[in-house]
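Analysis of the macromolecular model
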Amino acid sequence: MEVHQLQILRELGDLGSVKAVASALYVTPSAVSQQLALLQRNIHVPLTRKEGRNLVLTEAGEVLAAAGASVISSLAAARAAIGEFQESPAAPVTVAGFHSVGQALFGPLLAKLDAPGAPVPQFFDEDVAQQDFPALTARYDLVLAHRMDYSPPWPADKVVISALAHEPLDIALPANHRLAARDTLFPEDLSGERWVISREGYSPADVLQAISAVSGDAPRVIHRINDYATVAALVASGDVLGIIPRYTAGSALGASVVLRPLRGIANRRRIDLLARPESMHRRSVQLVAAAMAQAMAELSGD
């Protein structure tokens, strides 16, 4: 039983297919299958089973994968403790972020790390549905993720979670709209309105669904757009309303669009930083995570 075989088994449990594991580890699918077969030879119960066209873990496989994750994390901690794994503070750190948080935070983060010997962040945009953020930690050192308050929590047994912000989602209105004069809006105020909203599985769509449930009015969705700058441009046309995060999408607004807080429903999302436990043993990753927390605190006014 080799550590790299346990790593492959763990990735299969997290990512759900041999092809996805091969992509995450930069090897061929046949190499993944070969290592799983070698691991299985030493285990007397099945570790995997076919589910449709995918190979998934059995209960025994899940137990071994969880134990393997602990082994991998412990090895990383041991190497860090004796200096073999502790990398330079200036080592590159890969950071994935969804679009609005990237627009708001990547620039300020670079400014905070603009010093000799500071880590070098490498940014990637990953706009995925809420449940897909934890799997991104297989590819990136740090993952900026969001979920609504009432959504299932992140898998704390698989990722380290650092809370960054608790962000309200506000109603975006044309500045000359009849509701723009109000300080606060309630779901019943929004009956009969037309909307530009995100695709299903993203925070704005969840908030609109909650508005509909409370008001009893079926929403009239005209556009499905995930980019907040485009949402703001459509709202500015005066034809639709939108739902926009208060802190991370403020730069997308022009003078002809205003945000108004919404009351009466759960309309806040949690912005968290996710990482594999072994990644957080690296000094450069720790420094980038700390700078990210400072940048978000300044953005949100905390």
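You'll find the structure just up there.
Residues numbered from 1 in each chain as written. Predicted model: local features only at pLDDT ≥ 70, side-chain atom pairs only at ≥ 80, totals over all residues. Heavy atoms only, no water.

So, the packing of helix 5 (residues 99–112) against helix 8 (residues 283–300)
Two elements in contact, helix 5 and helix 8, have axes whose closest approach is 9 Å; the angle formed by their N-to-C orientations is 120°. One finds that helix 5 runs oblique with respect to helix 8. Crossing of helix 5 against helix 8: the hand is right-handed. Between helix 5 and helix 8, the residues in contact are Val101, Ala104, Leu105, Pro108, Leu109 and Lys112 and Val288, Ala291, Met292, Gln294, Ala295, Met296, Glu298 and Leu299, respectively. Partitioning the contact of helix 5 with helix 8 into residue classes produces 11 nonpolar, 1 polar and 2 charged. (Axes fitted to C-alpha atoms, helices over the stretch in contact; angles between N-to-C directions. Helix = DSSP H or I, 4+ residues; strand = E, 2+ residues; numbered from the N terminus. Parallel < 35°, antiparallel > 145°, perpendicular 65-115°, else oblique. Left-handed = near helix turned anticlockwise from the far one by under 90°. Contact = heavy atoms within 4.5 Å. Nonpolar A, V, L, I, M, F, W, Y, C, P; charged D, E, K, R; others polar.)

Here we look at the pairing of strand 10 (residues 257–260)
What you see with strand 10 is no split at all: Val257 and Leu259 on one side and Val258 and Arg260 on the other are buried throughout. Here 4 bridges tie strand 6 (residues 160–174) to strand 10, and the two strands are oriented antiparallel to one another. Opposite Leu173, over in strand 10, you have Val258 as the bridge partner. (Buried < 20%, exposed > 50% of the residue type's maximum accessible area, 1.4 Å probe, protein only. Pairing = 2+ DSSP bridges.)

Comments concerning empty space enclosed by the protein
A water-sized probe rolled over the atoms picks out the places where empty space is left. Applying the stated criterion across every chain yields a total of 2 cavities of 30 Å³ or more. Size it by volume and the largest cavity reaches roughly 140 Å³. Around the largest cavity sit 15 residues that line it, and Phe98, Ser100, Asp127, Asn226 and Tyr228 are the ones nearest its centre. Only helix 5 and helix 6 (203–215) provide two or more residues apiece to the lining of the largest cavity. Ranked by residue count, the leading element in the lining of the largest cavity is helix 5, at 3 residues. Its residues placed into classes, the lining of the largest cavity shows 5 nonpolar, 7 polar and 3 charged. (1 Å grid on protein atoms, 1.4 Å probe; cavity = no way out; pocket = protein on both sides within 12 Å on 5 of 7 lines; lining within 4 Å. Points joined across faces, edges and corners; volume = space filled by probe spheres on them.)

Looking at unusual backbone geometry
Of note in the backbone geometry, Tyr26 takes a positive phi value of approximately 60° without being a glycine. Position of Tyr26 among the secondary structure elements: in the loop between helix 2 (18–25) and helix 3 (29–41). Take Tyr26: its relative accessible area is 67%, and that puts it in the exposed class.

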